[in-house]
Each structure stands twice: as C-alpha cells, then as structure tokens.
Amino acid sequence: QVQLVESGGGLVQAGGSLRLSCAVSGRSISSANAVGWYRQPPGNQRELVASISRGGSPVYSDSAKGRFTISRDNAKNTMYLQMNSLKPEDTAVYYCNAVVDNLFKTYTYWGQGTQVTVSS
C-alpha cells in the first residue's frame, strides 16, 4: 500500500516562504513514473504546481516558475516543495502525488493535503 503524507503547511505573510514535505511509504519514489505537487484553491479545481518525471527535468506551472522549487530525497523517500515569495493567491490546499506502475497497471496516489494560507 502506497501512502503519501504531507506536512509543512501553515499561515504565512505575503513575501514569506514555506517548505512542504511529502513522505512516501510503500514504494520507492525513485521508481515512480512521476511525482508532483498540486493545489486546490478555494472554490477552484485542483491544478498542477510542479512535477518531476523519472529521468526528466522539473516542470512548473506559470505561477510557480521562479518562486517554487520541487525536489526529492531518494534516501529519505521524501519529496519537497520550497515556496518563496508567496502571494495571497497561493492560498490553497496542497497535495503531493506519485504515479507508479504495478503489475502492468498505472496507479496515481495522493496525500491527504496540507493547507497553505498566505495573508496580505
């Protein structure tokens, strides 16, 4: 059973920084097809923030480029999202996900989400 647990969310003032963590168990993230971060602002759909595919370069949404950095520590089986220069419009529930193959099928796993609130 693959499980993802986010942490690091909270309340921060505009211009501040947060680092989100996503601890993965049940599967090595180095073998995942892709890992990533998504967010769901209030009243809106879930949207991609950043992702890394196996062997690929990070991909960022336009709103995240230049401010956010996705990374992973394979030894700790954990991925991170460093968020700098936060804006009120970054307020959302942030989710990590992992896309993995198992027995010729592809599965997508999600964490439970962590709230990020940016005050103006």
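The structure we're discussing is the one just above.
Since the structure is predicted, the reported quantities are computational estimates derived from the model, not experimental observations. Along each chain, residue indices are assigned from 1 in the same order as the chain's sequence is written. Where totals are concerned, whole chains, interfaces and linings use all residues; where local detail is concerned, this predicted model gives features only for residues with pLDDT of at least 70, and gives and counts side-chain atom pairs only at 80 or more. Calculation of side-chain values draws on the structure's entire complement of heavy atoms; hydrogens and water are dropped beforehand.

**What about the side chain of T91?**
Part 1: Runs of H or I in DSSP of at least four residues are treated as helices and runs of E of at least two as strands, each being numbered from the N terminus. By the element assignment, T91 lies in the loop between strand 8 (78-83) and strand 9 (92-102).
Part 2: Any pair of nitrogen or oxygen atoms within 3.5 Å is treated as a polar contact; in protein, a donor-acceptor pairing is required on top of that, and neighbouring residues in sequence qualify only through side-chain atoms on both sides. One polar contact links the side chain of T91 to the main-chain carbonyl oxygen of P88, over a distance of 2.9 Å.
Part 3: Within the structure, T91 has its side chain in polar contact with the backbone nitrogen of V118 (distance 2.9 Å).
Part 4: Not counting residues within four places of it along the chain, the set of residues in contact with T91 comprises P41, P42, Q115, V116, T117 and V118. Every residue pair with non-hydrogen atoms within 4.5 Å of one another is taken to be in contact.

**Points about the state of the cysteines**
Part 1: The term disulfide is used for any two cysteine sulfur atoms that are within 2.5 Å. Across all of its chains, the model carries one disulfide by this definition.
Part 2: Between the sulfur atoms of C22 and its disulfide mate C96 the distance is 2.0 Å. Torsion about the S-S bond of the C22 and C96 cystine: about 65°, corresponding to right-handed handedness. One end of the pair, C22, is in strand 3 (residues 18-25); the other, C96, is in strand 9, and 74 residues separate them in sequence. Pair check on accessibility: C22 and C96 agree, each one buried. Each residue is placed in one exposure class: buried if its accessible area under a 1.4 Å probe, protein chains only, is under 20% of its type's maximum, exposed if it is over 50%, and partly exposed if it falls in between.

**Describing the sheet that holds strand 7 (residues 68-73)**
Part 1: DSSP calls a pair of strands paired once it identifies at least 2 bridges connecting them. With antiparallel pairing, the four strands of this open sheet are ordered in space as 1-3-8-7. Each edge of the sheet is formed by a strand with only one pairing partner; in this case those strands are strand 1 (3-7) and strand 7. Each strand axis lies, on average, 15° off the axis of its neighbour in the sheet, ignoring direction.
Part 2: Relative to strand 8, strand 3 runs antiparallel, the two sharing six bridges. In the sheet register, C22 faces strand 8, and the bridge partner there is M79. Note on geometry: axes are lines fitted to C-alpha atoms, helical ones only across the stretch in contact, with angles between N-to-C directions running from 0 to 180 degrees.

**Here we look at the pattern of salt bridges**
Part 1: By salt bridge we mean one thing: a side-chain nitrogen of Lys or Arg within 4 Å of a carboxyl oxygen of Asp or Glu. The full count for this structure, using the stated rule, is four salt bridges.
Part 2: Note that E47 is salt-bridged to R39, the shortest N-O span being 2.8 Å.
Part 3: Here R39 falls in the buried class, since its relative accessible area comes to 6%.
Part 4: What emerges from the salt-bridge pattern is a single network uniting R39, E47, R67 and D90.

**Quick look at unusual backbone geometry**
Part 1: You will see that N77, though not glycine, has its phi angle at about 55°, which is positive.
Part 2: Structurally, N77 can be placed in the loop between strand 7 and strand 8.
Part 3: A residue is classified by how much of its surface remains accessible, and N77, at 14% relative accessible area, is buried.
Part 4: One non-glycine residue, F104, adopts positive backbone phi at about 70°.
Part 5: Mapped onto the elements of the fold, F104 is located in the loop between strand 9 and strand 10 (105-110).

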